[in-house]
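Coordinates in review
Listed below are the residues making up each chain.
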Amino acid sequence: GVFLAVARSSAQPWLQWLARLYLSLFRNTPLLVQLFFWYFGLPALLPESVVAWLNTEHVLGLGLGFAQLSWPSFEFIAAIIGMIFYSTAYVGEEIRAGFNGVAPTQINAGLALGMQRPQVLRYIVLPQALAIIKPALFGQYMNIAKNTSLGMAVGLMELSYRSRQAESETFMSFQVYGIGTVLYILLVIAIGMVGRKLGRRKAWQGA
């Protein structure tokens with residue numbers, strides 16, 4: 001998101017154009033359609049051997065005594081890539097709004113002190129921008145947590161998928177989906193509590 005915001009605020013027209021293209025592509029199409037593209041569409045362009053490897057379970061051989069680490073499933077990889085590309089568009093725009101909230105005199109002062117533009121961005125603009133957009137940024141994190149439920153559409157065994165499995169095995173619809181709902185609520189509340197705790201800080205120092 002930071003890289004996208006920097007590209008949108010860049011003085012280079014080609015960087016701005018690429019950033020606008022990214023935004024128009026990933027903000028104007030539903031997340032579900034994007035997940036279908038990464039899971040069904042992209043593999044159609046890959047060699048069959050690569051697709052077969054992606055759909056095969058691989059053990060990494062890093063035994064922990066009580067568990068064995070495995071390579072993530074293709075469903076997980078497709079879902080995480082789709083979530084990253086989709087969420088980056090929204091997070092990047094939030095950060096750019098934070099950039100715009102920093103007074104230009106702050107930037108000019110940094111340049112006058114002999115700092116390079118990347119240093120001004122890193123040490124002057126970015127800390128202030130993140131402090132400005134904390135509530136909106138954590139609102140996006142809450143949306144990301146809730147949007148993971150769409151991973152069920154590509155076979156990702158996340159909370160909604162597990163809830164549906166439990167319901168089909170027990171036929172206890174109210175109890176199963178009630179517990180699933182409570183778990184989502186607890187997750188969002190936890191993210192909100194972290195956001196409020198950081199919101200008490202004037203900057204991101206040590207956060």
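Bear in mind the structure is a predicted one, so any value in this text is a computation, not a measurement.

Quick notes on the environment of Thr148
Counting through the fold element by element, Thr148 comes out in the loop between helix 8 (134–147) and helix 9 (159–170). You can call Thr148 partly exposed: its relative accessible area is 32%. In this structure the C-alpha to C-alpha distance between Thr148 and Leu45, which are 103 residues apart in sequence, comes to 25 Å. Apart from residues no more than four positions distant in its own chain, Thr148 is found in contact with Met83, Glu158 and Tyr184. For Thr148, the side chain forms a polar contact with the main-chain oxygen of Ala145, separated by 2.6 Å.

Some remarks on unusual backbone geometry
If you check the backbone angles, Phe171 has positive phi at about 60° while not being a glycine. Structurally, the position occupied by Phe171 is in the loop between helix 9 and helix 10 (173–199).

Some thoughts on the confidence of the model for the protein
In the predicted model, the protein carries a mean pLDDT of 87, and the fraction of residues at 70 or more is 92%. The weakest mean pLDDT in the protein belongs to strand 1 (residues 59–63) at 62; the strongest belongs to helix 2 (residues 13–27) at 94.

Topic: helix 7 (residues 117–132)
Along its length, helix 7 reaches its greatest deviation from straightness, about 45°, at Val125, and the proline Pro127 lies no more than four positions downstream. What helix 7 keeps buried is the set Val120, Ile124, Val125, Leu126, Ala129 and Leu130. Tucked into the core, helix 7 has its buried residues touching helix 1 (2–8), helix 5 (74–100), helix 6 (104–112) and helix 8.

A word on the nonpolar core
Ile95, Phe99, Val125, Leu130, Ile133 and Leu137 are the most contacted members of the largest nonpolar core, which totals 13 residues. Here this core takes six residues from helix 7, the largest share from any one element. The next biggest cluster of nonpolar side chains, apart from the first, holds 10 residues, and it includes Leu54, Ala78, Met83 and Val154.

Quick notes on the packing of helix 8 against helix 10
One can describe the packing of helix 8 onto helix 10 by two numbers: an axis separation of 10 Å at closest approach and a directional angle of 160°. Looking at the two axes, helix 8 sits roughly antiparallel to helix 10. Regarding helix 8 and helix 10, the two cross each other, and that crossing is right-handed. Each of Lys134, Phe138, Tyr141, Met142, Ala145 and Lys146 in helix 8 lies in contact with helix 10, whose residues at this interface are Tyr184, Leu187, Val188, Ile191, Gly192, Val194, Gly195, Leu198 and Gly199. Considered class by class, the residues forming the contact of helix 8 with helix 10 number 10 nonpolar, three polar and two charged.

Topic: the pattern of salt bridges
Here the structure, examined in full by the defined rule, presents two salt bridges. Across the pair Glu93 and Arg8 runs a salt bridge, and its minimum N-O distance is 3.3 Å. Remark: Arg8 occurs in helix 1 and Glu93 occurs in helix 5; sequence separation between them is 85 residues. Note that Arg96 is salt-bridged to Glu93, the shortest N-O span being 3.2 Å. Separated by three residues within a single helix, Arg96 and Glu93 lie in helix 5, roughly one turn from each other. For Glu93, a relative accessible area of 15% gives the class buried. The network of salt bridges with shared partners includes Arg8, Glu93 and Arg96.

Conventions we followed
- Residues numbered from 1 in each chain as written.
- Predicted model: local features only at pLDDT ≥ 70, side-chain atom pairs only at ≥ 80, totals over all residues.
- Heavy atoms only, no water.
- Helix = DSSP H or I, 4+ residues; strand = E, 2+ residues; numbered from the N terminus.
- Buried < 20%, exposed > 50% of the residue type's maximum accessible area, 1.4 Å probe, protein only.
- Contact = heavy atoms within 4.5 Å.
- Polar contact = N/O pair within 3.5 Å; in protein donor to acceptor, adjacent residues only side chain to side chain.
- pLDDT = per-residue confidence, 0-100.
- Bend = angle between axes of the 7 residues up to and from the residue.
- Core = buried A, V, L, I, M, F, W, Y, C linked by side-chain atoms within 4.5 Å.
- Axes fitted to C-alpha atoms, helices over the stretch in contact; angles between N-to-C directions.
- Parallel < 35°, antiparallel > 145°, perpendicular 65-115°, else oblique.
- Left-handed = near helix turned anticlockwise from the far one by under 90°.
- Nonpolar A, V, L, I, M, F, W, Y, C, P; charged D, E, K, R; others polar.
- Salt bridge = Lys/Arg side-chain N within 4 Å of Asp/Glu carboxyl O.

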